[in-house]
Amino acid sequence: MNKKALKKPSILATTLLATTLLVSACSGNNGGSSSNTGNSTATPTNTAENTGSGSTTEPVTLDLFVDQTWWPLKDWSGQVPEEITKRTGVKLNITVATDDKQLPLMIASGDLPDLVATAAQHARMADSKLSFDWNGLIEKYAPDFKIDSENVAVNTASDGKIYTVRNNFSTKEEWAANKETALLMGAGISVREDILNELGNPQLKTLDDLTNLFQSVKDKYPDMIPLVLNPPNWHRGYFEQNFGAASGLNDVDGKLVHGLHLPANKEMYLYMNGLYRKGFIKAENYAYKSEDQGKQLMYSGKGFAYAWTTQGSDRLTLDAKDSGYKFINLPMKLSDNYKSVNTGVGWQGVYITKNNKDPEASIKLMQFLRSEEGQRLAMWGIEGKNWNMSADNKYPEFTYNHLDDSQRKEKGVYYWGLLAGSATTELTGSFVPGTDSTKTGQEYTALTTFNSAIGLVVPGADSQEQVIKNNIDNLVKNEEAKVLLATSEEAASKAYDTMVAQADKMGLGKYEEWANSKYEEVKKNFQQ
Amino acid sequence: MKEAITVNRINSAAVPTQDTLARRFRKQISLQTFVLLGMAFLLVFSFAPLFGILMAFKDYSISTGIKGIFTSEWVGLRYFHEMTGDYMFPTLVRNTIVISLLKLVISFPVPILLAIMINEVRNSILKRFVQTVSYLPHFISWVVVVGMSYAFFSTEYGLLNNALMSLGLIGQPLDILTDPNSFWGLVVGSAIWKEAGWWTIIFLAAIAGVDPMLYEAAEMDGAGRLKRIWHVTLPGMKSAIIVVLILSIGSMLGGGMVGSNFEQSMLLGNSINSEKSQIIQTYAFNAGLAEGRFAFATMIDLVQSVISVILILSSNFIARRVSGTGLY
């Protein structure tokens, strides 16, 4: 009898366990959507209360996913976010991507937060099934939110709607109004000033001069690495500019040609291979996966030159302050073939997803962040407290070091400006008269031409052209190391030709053909 | 136990007996619950999602959601042809198979040998120490292991290269992390380091099950240590070895018992060693998932699953023929 009594609860317990596991398993399976809807039905009552009882109550909290692994601000704190919340009644709950596959997987599972800021997934997010179009939201909630025609031309999706207005784009008027202070950022090379001085400041007018400079570093400081490349993004940039061959599409006499089809591109690869063969670049550099691996070599004094951006010198000097190294930028133009074209159509955009619990607050937040006042607050800080306009009213003068990342993080400034700020607001913010970055920036801006139409030649998501383009990008990623690390010039040349032949087989020609027809189409938008 | 059964009998005798199956089930209910739970798990997580395979033959776009798997257009074997037509395809297949085979051949005997060696150690403190140290790496994630590999093998700041250089044993740092030719050795070596100790536990358990009388008998017959290992320990481990071997062959393309082909190729692979490091799974991830081409990724994985099923069926068949022991 006793045993029977004991047995029953154990059966009960096991069945209970079984059913709970089953139930939780089932809900886990289609959890993406069900738990989501649960969420979004629960919160509107919350926000309804908010708007109902007036705007002075608790701010609305919206979830924002930032699709940038390097994004330094992990929460909505600091003076600037607080001020934005005060003005808009919106608080953001931040999630930063852990890798670049996270957002695609979130899209696939339907598990999107209220807002998504992305630069890599525009084609996917600009979809009426995933995101609200701004046209509708503006009409309904913010009729006074105006978007000018150039931004419309740049941000219109293939279905004729606008799903976001990207940051880092400026109209012709904005560029013209700020041409002395809105300095473009391009690829640059920064070097250790002390060593350059010790080498007697050799003249740098040609690429041969650059090669000689690296050689003398190697001779005089055999333990140093003459050139360290920023691993993921900027490793070829400076050389692309000086050889006049961009890695994507280039306008050659009105026709678009892919970089792989330009003879100058091959010359650039061979030159870079030469730098490796002469021992100026380490092979392992091409295996680094994070920017820090390269920068560490600079901070520790192992590297002489760092291929990064036109703002590299000041950023490195600041970050290496413990070691006391000072960096300066090399001249931008070392060749008559120099070419830099700004094809910018903006970079990052905020999407208001269909899961958004308060589209009204969201579009109003974007309206504020797009306004001149909002842009300046988010990008520069609080007027009168963090900055004041210069005497000539051309650029902000900061009361803190605007380029210092630790101060930016503490105030929560600059990065939130990247959600919607224009290129000119962003760039005038980094204008500091007399610095090395400014000098290089002016040099670069003066050398640069504009062509936004190229930037709009972007294949649609899941299109055949998109597949070809991705395949070719992956091909270059996988194969370029063979060219760059070839042991002789012949081998490099052969490896390059093999890479291009493979690209042709994969449909590079077809892609160029499509690009040219699309180019003709979008050029019209800009002529209007 | 007997008492419980009689109690049950008396109890059930009162109930009219109609269905013996139902009665038997009720009697075994606590045990059956475990089986049912396991089956439910398989149904929910392994069988139910199988309909997603349809995607591999359809022009599917994620924005159409789960419904789209059924409603989108059929494209037949388009993705299969796209995959086999890719210039990387032969390389991917070669790398996948070679890395998997190397892991199977080299890493499979290691835990068996380690288990036998640990079993032969008489000092129990040393025994436990070796066992703990050898299975601890199992708990370190691959991301961390790869970080550690940079600390050890980097040409610029790696401990190993620094040590060898300062001892004057090498003039040039060894390109372990970037030289394509060292990639296969690197993955097999690091996988063994990480997982061998873990699998040793299973084999030690098998050895513990061997009747000590057999050892005594063998000793009486004049068998030395090696003879005892050969004639008593190894036969005692046979069934455990075969089951683990079949499971390893079934999951061979994922790396077998030491696993992690994907993690290793993804994390240790880079643009310099890509010709040796890219495998089918990383391709499925990069060309499929990362680009949001789920249908394409599904096709790639489907092909790999078909190969795995063939491998497990044939290895089981061969194991039954050769040794009489099999999974089923």
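Sequence positions are assigned chain by chain, starting from 1 and proceeding in written order. Both sets of labels track the order of writing: A upward for chains, 1 upward for ligands. Totals for whole chains, interfaces and linings use all residues, but because this is a predicted model, local features are given only for residues with pLDDT of at least 70 and pairs of side-chain atoms are given and counted only at 80 or more.

### Some details on the overall build of chain B
Phase 1 of the analysis: Counting its regular elements, chain B contains 17 helices and 0 strands.
Phase 2 of the analysis: The globule rule puts the C-alpha radius of gyration for 328 residues at 20 Å, and the 26 Å found for chain B is more than 25% above it.
Phase 3 of the analysis: For the exposure call, what matters is how many other C-beta atoms sit within 10 Å of a residue's own: 20 or more marks it buried, 12 or fewer exposed, and in between partly exposed, using C-beta atoms placed from the backbone. Looking at the 328 residues of chain B, the share that counts as buried comes to 30%.
Phase 4 of the analysis: Counted over contacts in chain B with a minimum sequence separation of 6, partners at least 24 positions apart contribute 65%. A helix here means a DSSP run of H or I that spans at least four residues, while a strand means a run of E at least two residues long, and both kinds are numbered starting from the N terminus. Radius of gyration here is computed from C-alpha atoms only, and the compact-globule reference equals 2.2 Å multiplied by the residue count raised to the power 0.38. By the criterion used throughout, residues are in contact when their C-beta atoms, derived from the backbone, lie within 7 Å.

### Some remarks on the overall build of chain A
Phase 1 of the analysis: The helix and strand tally for chain A stands at 23 helices and 14 strands.
Phase 2 of the analysis: Sorting the 528 residues of chain A into buried and exposed places 42% on the buried side.
Phase 3 of the analysis: Intrachain contacts of chain A at a sequence separation of at least 6 include 78% that bridge at least 24 residues.

### Considering the domain arrangement of chain A
Residue and element names in this part refer to chain A.
Phase 1 of the analysis: Annotation of chain A at the domain level lists domain 1 (51-170 + 346-424) and domain 2 (187-309 + 457-527).
Phase 2 of the analysis: One C-alpha centre belongs to domain 1, the other to domain 2; they are set 32 Å apart.
Phase 3 of the analysis: Taken together, the contacts link 4 residues of domain 1 with 5 residues of domain 2.
Phase 4 of the analysis: Along the lines of polarity and charge, the residues of the side of domain 1 that touches domain 2 split into 2 nonpolar, 1 polar and 1 charged. Domain ranges listed in this record stem from an automatic or a database domain assignment. Under the scheme applied, nonpolar residues are Ala, Val, Leu, Ile, Met, Phe, Trp, Tyr, Cys and Pro; charged residues are Asp, Glu, Lys and Arg; polar residues are all the others, including Gly.

### A closer look at the UniProt feature "domain: ABC transmembrane type-1" (unreviewed entry) in chain B
Phase 1 of the analysis: UniProt positions are given in the numbering used here, feature names are shortened, and annotations may be inferred rather than shown by experiment. Within this numbering scheme, the UniProt entry marks residues 93-315 of chain B as carrying the feature "domain: ABC transmembrane type-1" (unreviewed entry).
Phase 2 of the analysis: Between the C-alpha atoms that bound residues 93-315 of chain B there is a distance of 20 Å. The span itself is 75% helix and 0% strand.

### Concerning the confidence of the model for chain A
Residues and elements named next belong to chain A.
Phase 1 of the analysis: How sure the predictor is of each residue is captured by pLDDT, a score from 0 to 100. The predicted model of chain A has a mean per-residue pLDDT of 86, with 88% of residues at 70 or higher.
Phase 2 of the analysis: In the predicted structure, residues 1-10 sits below a pLDDT of 50 and forms 5 contacts with residues beyond four places in sequence or in another chain.
Phase 3 of the analysis: Below pLDDT 50 for its whole length, residues 12-55 participates in 30 contacts with residues either more than four positions away or in separate chains.

### Structural notes on the packing of helix α5 (residues 78-85) of chain B against helix α17 (residues 294-323) of chain B
The axes of two packed helices give the description: the angle between them and the distance between them.
Residue and element names in this part refer to chain B.
Phase 1 of the analysis: With their axes 9 Å apart at the nearest point, α5 and α17 run at an angle of 70° to one another. Overall, the two elements α5 and α17 adopt an arrangement that is roughly perpendicular. Together, Tyr79, Phe80, Glu82 and Met83 of α5 and Ala295, Phe296, Met299 and Ile300 of α17 make up the contact between the two elements.
Phase 2 of the analysis: Of the residues that constitute the contact of α5 with α17, the class distribution is 7 nonpolar, no polar and 1 charged. Only C-alpha atoms enter the line fits that serve as axes; for helices the fit covers just the stretch in contact. Angles between N-to-C directions range over 0 to 180 degrees. Throughout, the term roughly parallel applies to angles under 35 degrees, roughly antiparallel to angles over 145, roughly perpendicular to angles from 65 to 115, and oblique to all others.

### As for unusual backbone geometry
All names here are of chain A.
Phase 1 of the analysis: If you check the backbone angles, Asn168 has positive phi at about 55° while not being a glycine.
Phase 2 of the analysis: The exposure class of Asn168 is buried, given the 21 C-beta atoms found within 10 Å.
Phase 3 of the analysis: With phi around 60°, Asn393 is a residue other than glycine that occupies positive phi space.
Phase 4 of the analysis: Mapping Asn393 onto the fold places it in the loop between β12 (387-389) and β13 (396-398).

### Some words on the environment of Lys74 of chain A
All names here are of chain A.
Phase 1 of the analysis: Summarising the element assignment, Lys74 is placed in the loop between β1 (60-66) and α3 (79-88).
Phase 2 of the analysis: Counting along the chain gives 335 residues from Lys74 to Lys409, while the straight-line C-alpha distance between them is 9.4 Å.
Phase 3 of the analysis: Not counting residues up to four positions away in its chain, the partners in contact with Lys74 are Ile94 and Val96.

### Examining the sheet that holds β1 of chain A
All names here are of chain A.
Phase 1 of the analysis: At least two bridges found by DSSP between two strands is the condition for calling them paired. Taken together, 4 strands build an open sheet; the order of strands is β2-β1-β3-β11 and the sheet is mixed. One side of each edge strand has no neighbouring strand; the edge strands of this open sheet are β2 (90-96) and β11 (349-352). In this sheet, neighbouring strand axes are inclined to one another by 30° on average, regardless of whether the strands run parallel or antiparallel.
Phase 2 of the analysis: Of the strand pairs in this sheet, β1 and β2 are connected by 7 bridges, and their pairing is parallel. When the bridges of β2 are listed, Leu62 appears paired with Leu92.
Phase 3 of the analysis: Lying on the sheet, helix α15 (residues 359-370) is in contact with β1, β2, β3 (115-118) and β11; it crosses β11 at an angle near 165°.

### Digging into helix α11 (residues 180-208) of chain B
Phase 1 of the analysis: The length a helix should cover is 1.5 Å for every residue beyond the first. Over its 29 residues, α11 of chain B runs 43 Å from end to end, which matches the ideal 42 Å to within 8%, given 1.5 Å per residue.
Phase 2 of the analysis: Each residue is assigned a bend, namely the angle between axes fitted to the seven residues that terminate at it and the seven residues that start at it. Of all the bends in α11 of chain B, the largest measures some 40° and sits at Glu195 of chain B.

### A word on the pairing of strand β7 (residues 255-258) of chain A
Residues and elements named next belong to chain A.
Phase 1 of the analysis: Burial of β7 is one-sided: the residues Leu256 and His258 facing one way are buried, the residues Lys255 and Val257 facing the other way are not.
Phase 2 of the analysis: Pairing of strand β6 (residues 249-252) with β7, which is carried by 4 bridges, proceeds in the antiparallel orientation. Bridging across to β7, Asn250 finds its partner in Val257.
Phase 3 of the analysis: Counting the residues that bridge the hairpin from β6 to β7 gives 2 residues, and of these Asp253 lies at a positive phi of roughly 50°.

### Structural notes on the UniProt feature "transmembrane region" (unreviewed entry) in chain B
Residues and elements named next belong to chain B.
Phase 1 of the analysis: As annotated in UniProt, the feature "transmembrane region" (unreviewed entry) corresponds to residues 33-57, 97-118, 139-160, 196-218, 239-258 and 294-313 in the numbering used here.
Phase 2 of the analysis: The distance from the first to the last C-alpha atom of residues 33-57 is 38 Å, and the span holds 60% helix and 0% strand.
Phase 3 of the analysis: End-to-end, the C-alpha atoms of residues 239-258 are 19 Å apart, and along that stretch the chain is 60% helix and 0% strand.

### Structural notes on the domain arrangement of chain B
Phase 1 of the analysis: According to the domain assignment, chain B contains domain 1 (1-55) and domain 2 (77-323).
Phase 2 of the analysis: Here the C-alpha centre of domain 2 of chain B lies 38 Å away from the C-alpha centre of domain 1 of chain B.

### Considering the sheet that holds strand β4 (residues 187-192) of chain A
All names here are of chain A.
Phase 1 of the analysis: In spatial order, the strands read β5-β8-β4-β9; together these 4 strands make up an open sheet with mixed pairing. Strands with a single pairing partner mark the edges of an open sheet, and in this sheet they are β5 (225-229) and β9 (327-329). On average, each strand axis in the sheet is tilted by 25° relative to the strand beside it, whichever way the strands run.
Phase 2 of the analysis: With 3 bridges joining them, β4 and β9 adopt antiparallel strand pairing. Each residue of the ladder has a partner; that of Ser190, found in β9, is Asn329.

### Details of the nonpolar core
Phase 1 of the analysis: The term nonpolar core means buried Ala, Val, Leu, Ile, Met, Phe, Trp, Tyr and Cys residues held together as one set by C-beta atoms within 7 Å. Core analysis: the largest hydrophobic core is formed by 96 residues, its most contacted members being Leu115 and Val116 of chain A together with Phe203, Ala295 and Ile300 of chain B.
Phase 2 of the analysis: Sort the elements by how many residues they give to this core and α11 of chain B lands first, with 11 residues.
Phase 3 of the analysis: Excluding residues within four positions of it along the chain, Ala295 of chain B makes contact with Met55, Ala56, Lys58, Tyr60 and Tyr79 of chain B.

### Overview of the environment of Ser247 of chain A
Residues and elements named next belong to chain A.
Phase 1 of the analysis: Within the fold, Ser247 resides in the loop between α11 (237-243) and β6.
Phase 2 of the analysis: For Ser247 and Leu260, which are 13 residues apart along the polypeptide, the C-alpha to C-alpha distance reads 7.2 Å.
Phase 3 of the analysis: Once residues within four sequence positions are removed from consideration, Ser247 is found in contact with Arg236, Glu240 and Gly259.

### A closer look at the packing of helix α12 (residues 212-220) of chain B against helix α13 (residues 225-250) of chain B
Residues and elements named next belong to chain B.
Phase 1 of the analysis: The interhelical angle for the contact between α12 and α13, taken along N-to-C directions, is 135°, at an axis separation of 10 Å. Taken together, the axes of α12 and α13 lie oblique to each other. Classified by chirality, the crossing of α13 by α12 is right-handed. Two secondary-structure elements touch here, α12 through Leu214, Tyr215 and Ala218 and α13 through Lys227, Arg228, His231 and Val232.
Phase 2 of the analysis: In terms of residue class, the contact of α12 with α13 is built from 4 nonpolar, 1 polar and 2 charged. Crossings are assigned a handedness: left-handed for a near helix turned anticlockwise from the far helix by less than a right angle, right-handed for a clockwise turn.

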